Amino acid sequence: MQEAVQLGDLEDRLDAARSILVLTGSGISAESGLPTFRGVGGLWRTHRVEELASAAGFERDPVLVWTWYNERRLAHRAVEPSAAHVALAKIEQNAADFTLATQNVDSLHLRAGSRNVLELHGKLREAKCTRCDARRPFDDALDLNALEHACGGMWRPDIVWFGETLPADVLEAAFEAAGRADLMLVIGTSGMVRPAASLATKAVTQAYVVEINPEETALTAHVDRSIRARASDVLPHLVT
Ligand code: OAD
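Residues numbered from 1 in each chain as written. Predicted model: local features only at pLDDT ≥ 70, side-chain atom pairs only at ≥ 80, totals over all residues. Heavy atoms only, no water.

1. With respect to the domain arrangement of the chain
Phase 1: Under the domain assignment, the chain is made up of domain 1 (1-33 + 80-121 + 165-240) and domain 2 (35-78 + 124-159).
Phase 2: Contact with domain 1, which involves 15 residues of that partner, is made by 11 residues of domain 2.
Phase 3: Summed over both sides, the interface between domain 1 and domain 2 buries roughly 980 Å², with carbon and sulfur atoms accounting for 49% of that surface.
Phase 4: In this structure, the connection of domain 1 to domain 2 is made through one salt bridge. (Domains from an automatic or database assignment. Contact = heavy atoms within 4.5 Å. Buried area = accessible area lost by both parts, 1.4 Å probe. Salt bridge = Lys/Arg side-chain N within 4 Å of Asp/Glu carboxyl O.)

2. Structural notes on the sheet that holds strand β4 (residues 122-129)
Phase 1: The strand order β5-β4-β6 describes an open sheet built from three strands, whose pairing is antiparallel. Two strands in the sheet have a free side with no partner beyond their single neighbour: β5 (135-137) and β6 (155-159). Recorded for the sheet is a direction-independent mean angle of 40 degrees between the axes of neighbouring strands.
Phase 2: In this structure, β4 lies alongside β5, joined through three bridges in antiparallel fashion. (Pairing = 2+ DSSP bridges. Helix = DSSP H or I, 4+ residues; strand = E, 2+ residues; numbered from the N terminus. Axes fitted to C-alpha atoms, helices over the stretch in contact; angles between N-to-C directions.)

3. Structural notes on the nonpolar core
Phase 1: With 25 residues, the main nonpolar core has Val 22, Leu 88, Leu 185, Ile 187, Leu 235 and Leu 238 as its most contacted residues.
Phase 2: Of all the secondary-structure elements, those providing two or more residues to this core are α1 (10-16), β1 (20-24), α7 (83-94), β2 (98-102), β7 (183-187), β8 (208-212) and α10 (231-234).
Phase 3: If one sorts the elements of this core by residue count, α7 sits on top with four residues.
Phase 4: Counting residues in each nonpolar core, the second largest holds 22 residues, with Leu 21, Ala 178, Ala 197 and Ala 207 among its members. (Core = buried A, V, L, I, M, F, W, Y, C linked by side-chain atoms within 4.5 Å. Buried < 20%, exposed > 50% of the residue type's maximum accessible area, 1.4 Å probe, protein only.)

4. A word on the site of the ligand
Phase 1: In the vicinity of the ligand there are 24 residues, among which Arg 38, Trp 44, Thr 189, Ser 190 and Asn 213 approach most closely.
Phase 2: The contact in question runs from an oxygen atom of the ligand to an N or O atom on the backbone of Ser 26, over 2.8 Å.
Phase 3: Here Ala 231 contributes a backbone N or O atom positioned 2.9 Å from a nitrogen atom of the ligand.
Phase 4: For the ligand, whose unbound accessible area comes to 790 Å², protein coverage reaches 91%.
Phase 5: For the shell around the ligand, the residue count by class is eight nonpolar, 12 polar and four charged.
Phase 6: Viewed by domain, the shell around the ligand spans two of them, domain 1 (1-33 + 80-121 + 165-240) and domain 2 (35-78 + 124-159), each represented by three or more residues. (Near = heavy atom within 4 Å. Polar contact = N/O pair within 3.5 Å; in protein donor to acceptor, adjacent residues only side chain to side chain. Areas by Shrake-Rupley, 256 points an atom, 1.4 Å probe, with all protein chains shown as cover. Nonpolar A, V, L, I, M, F, W, Y, C, P; charged D, E, K, R; others polar.)

5. Points about the pairing of β4
Phase 1: Pairing analysis gives five bridges linking β4 to β6, with the strands arranged antiparallel. Note on β6: the bridge partner recorded for Lys 123 is Asp 158.
Phase 2: Once β4 ends, the chain turns through five residues before running back antiparallel as β5.

6. As for unusual backbone geometry
Phase 1: Of the consecutive residues Arg 194 and Pro 195, the connecting peptide bond is found in the cis state with omega at 10 degrees.
Phase 2: Topologically, Pro 195 is positioned in the loop between β7 and β8.

7. Considering the pattern of salt bridges
Phase 1: Tallying each qualifying case throughout the model produces 18 salt bridges.
Phase 2: Between Asp 9 and Arg 13 there is a salt bridge whose closest N-O contact spans 3.2 Å.
Phase 3: For Asp 140, the salt bridge goes to Arg 77, with nearest N and O atoms at 3.1 Å. With Asp 140 in the loop between β5 and β6 and Arg 77 in helix α6 (residues 62-78), the pair connects residues that are 63 residues apart, well separated along the chain.
Phase 4: For Arg 77, a relative accessible area of 41% corresponds to the partly exposed category.

8. A few points about the packing of aromatic side chains
Phase 1: Evaluated as defined, the whole model comprises four aromatic pairs.
Phase 2: A centroid spacing of 5.1 Å and a plane angle of 90 degrees characterise the contact between Trp 66 and Phe 138, whose relative ring orientation is edge-to-face. Taken together, the residues span a long stretch of sequence, with Trp 66 in helix α6 and Phe 138 in the loop between β5 and β6 at a distance of 72 residues. Exposure class is identical for Trp 66 and Phe 138. Each is buried.
Phase 3: Judged by centre distance (4.9 Å) and plane angle (70 degrees), the rings of Trp 68 and Tyr 69 are edge-to-face. An identical accessibility class is assigned to Trp 68 and Tyr 69; each is buried. (Phe/Tyr/Trp six-rings, centres within 6.5 Å; stacked < 30°, edge-to-face > 60°.)

Now the structure itself:
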C-alpha cells in the first residue's frame, strides 16, 4: 500500500500566506497524460530540440515544425486538466493574492479555471506572424499549405523557442509576484530552464519555497522543503 504523503505544516502555511506564487512545469500535465520534456519518454529525449523548437529550425523546415506542433496541439486538446490543475484553481479562489506562473503551453491551467496565469513560454492555442503583429487562434491543425500570412510573413506557434526571450510583460509580472510572495510552490519542473527557474531562488524571492516533485531537481538545493510526490498526491489534499 502506498504511504500517505506527509504535508507537514503546508496547509497552515497556505492558510496564513498573504501572497502565493506557484511555478509549474510539464510534470503537472503528465498527470493529464502529456509527456514531459526530460523525463522517461520526454519530448527532448526523442525529438531534436534545435529542429523543432528554434527559429533557425523553423526557417529550415516550417512544414516539419508545424507537423509536430499540430500533433502537440491536438494532444493538448484531447486531454483534460488533472486533479492537480483543478486543485490549484481552487487554491486561487481562497487566496488573497495568487499568481500562477507556468512554463506549460498546453492551456490546462486556464481550462481548469485558474485566472491569474502567467504563461512564461507562451501558448500553443495561438499562432502569430513572424513579420507583423497578426495573431490567429490555433485550435484545429493548421493547414500545411497555408503557412504564409498575407503580409508575406509566416504563421508560427505563439511560444518561446530556444534562443528567444520570454514576453517582457509576463516575465516582469512573474518577478514582481516572486518579490511579494511569502509562499511559493514549485510543481513538476526540473528547474533546468532559466529565467523561469530563477523565480524560485533566494536571489529573487524571500518566500518559503516548497517543491512538489517525485524526483530531485536542479532547484532542490535552493528550496526550503521538498515533497517527493506527484502533484496529484499532494495538491487535492490542500483544498477543502
Ligand atoms: P522537464 O521535463 O524538464 O521536467 C519535468 C519535471 O516534472 C521532472 O522534474 C519530473 O520529475 C517532474 N514530474 C514528472 N511527473 C510528475 C508529477 N506527476 N508530479 C510532479 N512532478 C512530476 O519539464 P519542465 O521543467 O517543464 O520550454 O521543462 C521546462 C521547459 O523546458 C519547458 O517549458 C520547455 C522545455 O524546453 C520550452 O519549450 C520553451
